[in-house]
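Structure at a glance
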Amino acid sequence: MTDTSTPDHANRTALVLFSGGQDSATCLAWALQRHARVETVGFDYGQRHHVEMTARERVRSGLAASFPQWGDRLGEDFVIDLAGYGAIADSALTADRAIEMQANGLPSTFVPGRNLVFLTVASALAYRRGHTVLVGGMCETDFSGYPDCRRDTIDAMQTALGLGLDSPVEIATPLMHLDKAATWALAHQLGGDALTALIEEDSHTCYRGERGQRHDWGYGCGDCPACELRARGHAAWKASVPA
Ligand code: ZN
């Protein structure tokens with residue numbers, strides 16, 4: 001017998017933590033495929049690069065234009081000013097410091113507590129907007145090993161937010177166990193060549209905020225850790241698909 005009932009997630013609406021990078025662009029497509037209504041939230045915490053914030057709008061409008069079925073589901077975008085947090089959470093992303101590995105094994109781009117703050121603020125917005133699902137691109141297979149990207153941390157946050165709001169919250173992390181090649185493959189599975197081309201062209205990952213040179217994987221300086229990871233993943237994904 002075929003189950004024709006609507007899956008539970010299709011009846012629930014989602015708020016995607018959306019930075020305009022490759023990962024969150026893929027998460028946004030994933031959420032649009034799955035949920036009837038999706039809104040996005042971005043955080044401005046004094047990143048060195050407002051280029052990331054402009055990438056957000058390009059990806060959103062590109063998705064709506066190329067995938068009308070998703071465009072119908074894509075709702076409002078919110079940008080929340082967290083400059084006060086940025087002032088506390090000094091790192092190579094928010095201050096003028098070199099991007100390098102530190103003695104504690106974490107890159108200098110680690111912003112302490114970032115995902116904890118983002119998820120807390122996003123959950124307050126989701127509560128107000130009636131969403132019960134938060135979607136984020138956290139990933140523990142990433143080279144950086146940021147402790148607030150691990151699923152254990154996310155599970156603890158999910159429990160804490162559900163208790164603190166007295167309302168169940170699901171934090172969906174579709175990229176958690178994927179490497180970057182698998183993230184490209186997921187995008188292709190969701191939206192084919194049109195989606196991977198859109199992510200290559202319009203999403204932004206480079207830590208240095210450079211968009212001068214176009215590589216086959218997109219724009220960027222080509223040698224910061226974020227560009228290296230994106231380029232390596234893209235090459236591995238391309239090598240894995242038959243020409
Ligand atoms: Zn770069």
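A few points on the structure. (Residues numbered from 1 in each chain as written. Predicted model: local features only at pLDDT ≥ 70, side-chain atom pairs only at ≥ 80, totals over all residues. Heavy atoms only, no water.)

**Section: the overall build of the protein chain**
- Along its length, the protein chain carries eight helices and seven strands.
- Looking at the protein chain as a whole, 51% of its 243 residues qualify as buried.
- Intrachain contacts of the protein chain at a sequence separation of at least 6 include 67% that bridge at least 24 residues. (Helix = DSSP H or I, 4+ residues; strand = E, 2+ residues; numbered from the N terminus. Buried < 20%, exposed > 50% of the residue type's maximum accessible area, 1.4 Å probe, protein only. Contact = heavy atoms within 4.5 Å.)

**Concerning the environment of A64**
- Within the secondary structure, A64 is located in helix α2 (residues 51-66).
- Sequence spacing of A64 and L74 is 10 residues, and the spatial spacing of their C-alpha atoms is 7.3 Å.

**Some details on the packing of aromatic side chains**
- If you walk through the whole model with that rule in mind, you get five aromatic pairs.
- Measuring from centroid to centroid gives 4.3 Å for F43 and F118, while their planes differ by 20°, and the two rings are stacked. With F43 in strand β2 (residues 38-44) and F118 in helix α5 (residues 114-129), the pair connects residues that are 75 residues apart, well separated along the chain. Summarising the burial analysis for this pair, F43 and F118 share the class buried.
- On the basis of an interplanar angle of 15° and a centroid distance of 5.9 Å, the ring pair of W184 and W237 is categorised as stacked. Taken together, the positions of W184 in helix α7 (residues 180-202) and W237 in helix α8 (residues 225-240) put the pair 53 residues apart, joining distant regions of the chain. Just as W184 is buried, W237 falls in that class too.
- Joined through ring pairs, the aromatic side chains of F43, Y45, Y85 and F118 make up one cluster.
- Here the guanidinium or amino end of R214 rests over the ring plane of Y219, the centre of that ring lying 5.5 Å away. (Phe/Tyr/Trp six-rings, centres within 6.5 Å; stacked < 30°, edge-to-face > 60°. Lys NZ or Arg CZ within 6 Å of the ring centre and 35° of its normal.)

**Observations regarding the pattern of salt bridges**
- Counting across every chain of the model gives 10 salt bridges.
- The shortest N-O distance in the salt bridge between R129 and E39 comes to 2.7 Å. Residue R129 is located in helix α5, and its partner E39 is located in strand β2; the two are separated by 90 residues in the primary sequence.
- In this structure E39 comes out as buried when scored by relative accessible area, which is 3%.
- In this structure, the salt-bridge partner of R60 is E57, at a minimum N-O distance of 3.8 Å. Taken as a pair, R60 and E57 lie in helix α2 at a separation of three residues, close to a single helical turn.
- By relative accessible area, which is 11% here, R60 ends up buried.
- Note on E57: relative accessible area 42%, which makes it partly exposed. (Salt bridge = Lys/Arg side-chain N within 4 Å of Asp/Glu carboxyl O.)

**Comments concerning the coordination of the zinc ion**
- The coordination sphere of the zinc ion contains the protein donors C206 (SG), C221 (SG), C224 (SG) and C227 (SG), at a distance range of 2.3 to 2.4 Å.
- Here the donor residues of the zinc ion share one chain and are spaced in sequence as C-x14-C-x2-C-x2-C. Of this pair, C206 sits in the loop between α7 and β6 (214-215) while C221 sits in the loop between β7 (218-219) and α8; the two residues are 15 residues apart in sequence, bridging distant segments of the chain.
- Residue class for C221 comes out buried when judged on its relative accessible area of 17%. (Donors = N, O, S within 2.8 Å, 3.2 Å for Na, K, Ca; no water.)

**Some remarks on the nonpolar core**
- Counting 32 residues, the largest nonpolar core has L17, V41, F43, L119, L134 and I171 as its most contacted members.
- If you tally residues by element for this core, the top one is α5, at five residues.
- In this structure L134 touches L15, L17, L119, A122, S123, A126, V169, E170, I171 and A172, once residues within four positions along its chain are discounted.
- Listed in part, the 29 residues of the second largest apolar core include L63, A172, A181 and L186. (Core = buried A, V, L, I, M, F, W, Y, C linked by side-chain atoms within 4.5 Å.)

**Quick word on the side chain of K180**
- Along the chain, the position of K180 falls in helix α7.
- A residue is classified by how much of its surface remains accessible, and K180, at 11% relative accessible area, is buried.
- For K180, the side chain forms a polar contact with the side chain of D23, separated by 3.0 Å. (Polar contact = N/O pair within 3.5 Å; in protein donor to acceptor, adjacent residues only side chain to side chain.)

**Focus: unusual backbone geometry**
- The phi dihedral of D166 is positive, around 50°, even though this residue is not glycine.
- With respect to the helices and strands, the residue D166 is situated in the loop between α6 (151-165) and β5 (170-172).
- When its relative accessible area of 71% is taken as the criterion, D166 is described as exposed.

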